[in-house]
Amino acid sequence: MTNDSEKRSGGQGELFDTSTDKRFFDYYLEQSQRPATIARFERLADLVLKVMARQGHSGALDIADIGGGAGTLARIFAREGHRATCVDVSEDLLALGRERAAEEELSIEFVNHSATRVPFADSSLDVYLVPELLEHVVDWRAVLDEASRVLRPGGLLYLSTTNTISPRQDEFELPLYSWYPPSLKRYCVELARTTRPQLANYGKYPAVNWFTWYKLCDALRERGFDRFLDRLDMIEVRTAGSWRATIARGLIKLPLARPAFQLLTPNSLLLAFKPVA
């Protein structure tokens with residue numbers, strides 16, 4: 001898991017490293033099985049399915065989890081009868097995912113591939129999940145291009161990534177890192193890639209991009225997406241019929257509520273919709 005193996009991506013000529021630092025692998029192995037991690041992914045799957053139901057979708061969905069590692073999220077959808085594919089550059093994590101899926105006798109496709117050119121046909125997917133990946137891909141715009149290309153009309157994109165606005169962040173073991181100036185961030189990234197990998201938890205691709213919810217919306221509008229939900233909207237959908245949904249609807253009406261949530265939360269979360277043709 002520590003060799004520097006490389007392979008070509010889908011005939012596109014792009015080389016990417018498929019190996020995984022053993023320290024990161026061991027960390028991931030433990031973290032991916034924690035009840036809190038599984039519960040977080042179950043809430044996300046529940047949200048996605050409720051949103052798609054509101055859109056009028058019924059039956060099995062074609063779903064891709066990009067940067068899905070060992071397929072924790074893909075397995076949740078597969079248990080519900082959906083056609084799930086897990087895409088990741090780490091062959092080690094994908095191998096772990098195949099083992100876990102086989103233990104549950106789940107039919108999931110695990111694909112070793114770069115997120116900048118995914119092996120899906122145009123307009124072939126209903127749901128495209130990109131959790132905690134965009135910050136690690138230098139050519140992040142290509143990732144969004146692919147999301148737009150492969151989603152069907154009425155399809156759903158989920159993004160979770162870094163948040164420049166909030167002082168809280170999960171990418172580097174440094175205080176207030178999201179507020180560092182770009183030059184200092186570049187220096188820290190270089191340290192994480194060379195002499196101090198512990199700064200980014202031994203990840204092979206430390207976070208190099210920082211976003212706001214508003215920047216993501218602008219980039220997705222350029223790619224044909226026409227409607228967006230933020231964290232407050234997601235709470236209202238996921239908890240519909242409860243007192244939490246009532247509170248969320250009330251906060252949505254307050255002008256400063258959305259910016260306040262962006263300030264207080266370490267990640268930028270976004271659901272985006274492809275228009276129905």
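Here's what I pulled together on the structure shown here.

Parameters and conventions
- Numbers given to residues run from 1 along each chain, matching the order in which its sequence is written.
- Local features are withheld for residues below a pLDDT of 70 in this predicted model, meaning they are given only at 70 or higher, and side-chain atom pairs are given and counted only at 80 or more; totals for whole chains, interfaces and linings count all residues.
- Excluding hydrogens and water, the side-chain figures rest on all heavy atoms present in the structure.
- Ring pairs are drawn from Phe, Tyr and Trp, using the six-membered ring of Trp, whenever the two centres fall within 6.5 Å, and their geometry is named by plane angle: stacked under 30 degrees, edge-to-face over 60, tilted for the rest.
- Each helix corresponds to a stretch of at least 4 residues labelled H or I by DSSP, and each strand to a stretch of at least 2 residues labelled E; elements are numbered beginning at the N terminus.
- Exposure categories follow from relative accessible area, calculated using a 1.4 Å probe and restricted to protein chains: below 20% of the type maximum is buried, above 50% is exposed, and the middle band is partly exposed.
- Whether two residues are in contact is decided by their heavy atoms: any pair within 4.5 Å suffices.
- Two strands form a pair only when DSSP identifies at least two bridges running between them.
- Between N-to-C directions, angles span 0 to 180 degrees; the directions come from axes that are lines fitted to C-alpha atoms, helices contributing only their stretch in contact.
- Roughly parallel refers to an angle under 35 degrees, roughly antiparallel to one over 145, roughly perpendicular to one between 65 and 115, and oblique to any angle outside these ranges.
- For this classification, the nonpolar set comprises Ala, Val, Leu, Ile, Met, Phe, Trp, Tyr, Cys and Pro, the charged set comprises Asp, Glu, Lys and Arg, and every other residue, Gly included, is treated as polar.

### Considering the packing of aromatic side chains
Taken as a whole and judged by the stated rule, the model has 5 aromatic pairs. Relative to Phe-211, the ring of Trp-140 lies with its centre 5.0 Å away and its plane at 85°, an arrangement referred to as edge-to-face. Taken together, the positions of Trp-140 in helix α5 (residues 140-150) and Phe-211 in the loop between α6 (182-193) and α7 (213-221) put the pair 71 residues apart, joining distant regions of the chain. The exposure class assigned to Trp-140 is buried, which follows from its relative accessible area of 6%.

### What about the environment of Phe-225?
The topology assignment puts Phe-225 in the loop between α7 and β8 (227-229). On the accessibility criterion, Phe-225 (3% relative accessible area) is buried. For the pair Phe-225 and Pro-275, spaced 50 residues apart in sequence, the C-alpha to C-alpha distance is 6.4 Å. Setting aside chain neighbours within four positions, we find Phe-225 in contact with Ala-147, Ser-148, Leu-151, Leu-157, Leu-220, Ala-272, Phe-273, Lys-274 and Pro-275.

### Concerning the sheet that holds strand β7 (residues 151-162)
Spatially, the 7 strands line up as an open sheet ordered β5-β4-β3-β6-β7-β9-β8, and their pairing is mixed. Where the open sheet ends on each side, the last strands, each with one partner, are β5 (108-112) and β8. For this sheet the average axis-to-axis angle between neighbouring strands, irrespective of direction, equals 15°. Of the strand pairs in this sheet, strand β6 (residues 125-131) and β7 are connected by 6 bridges, and their pairing is parallel. Across the sheet, Pro-131 pairs through a bridge with Ser-160, a residue of β7. Sitting on the sheet, α7 is in contact with β7, β8 and β9 (267-273), with an inclination near 25° to β9.

### Examining the packing of helix α8 (residues 231-238) against helix α10 (residues 257-264)
Viewed as axis vectors pointing N to C, α8 and α10 meet at an angle of 100°, and their least axial separation amounts to 9 Å. It follows from the interaxial angle that α8 and α10 lie roughly perpendicular. Together, Arg-231, Leu-232, Asp-233 and Ile-235 of α8 and Ala-257, Arg-258 and Phe-261 of α10 make up the contact between the two elements. Tallied by class, the residues present in the contact of α8 with α10 amount to 4 nonpolar, no polar and 3 charged.

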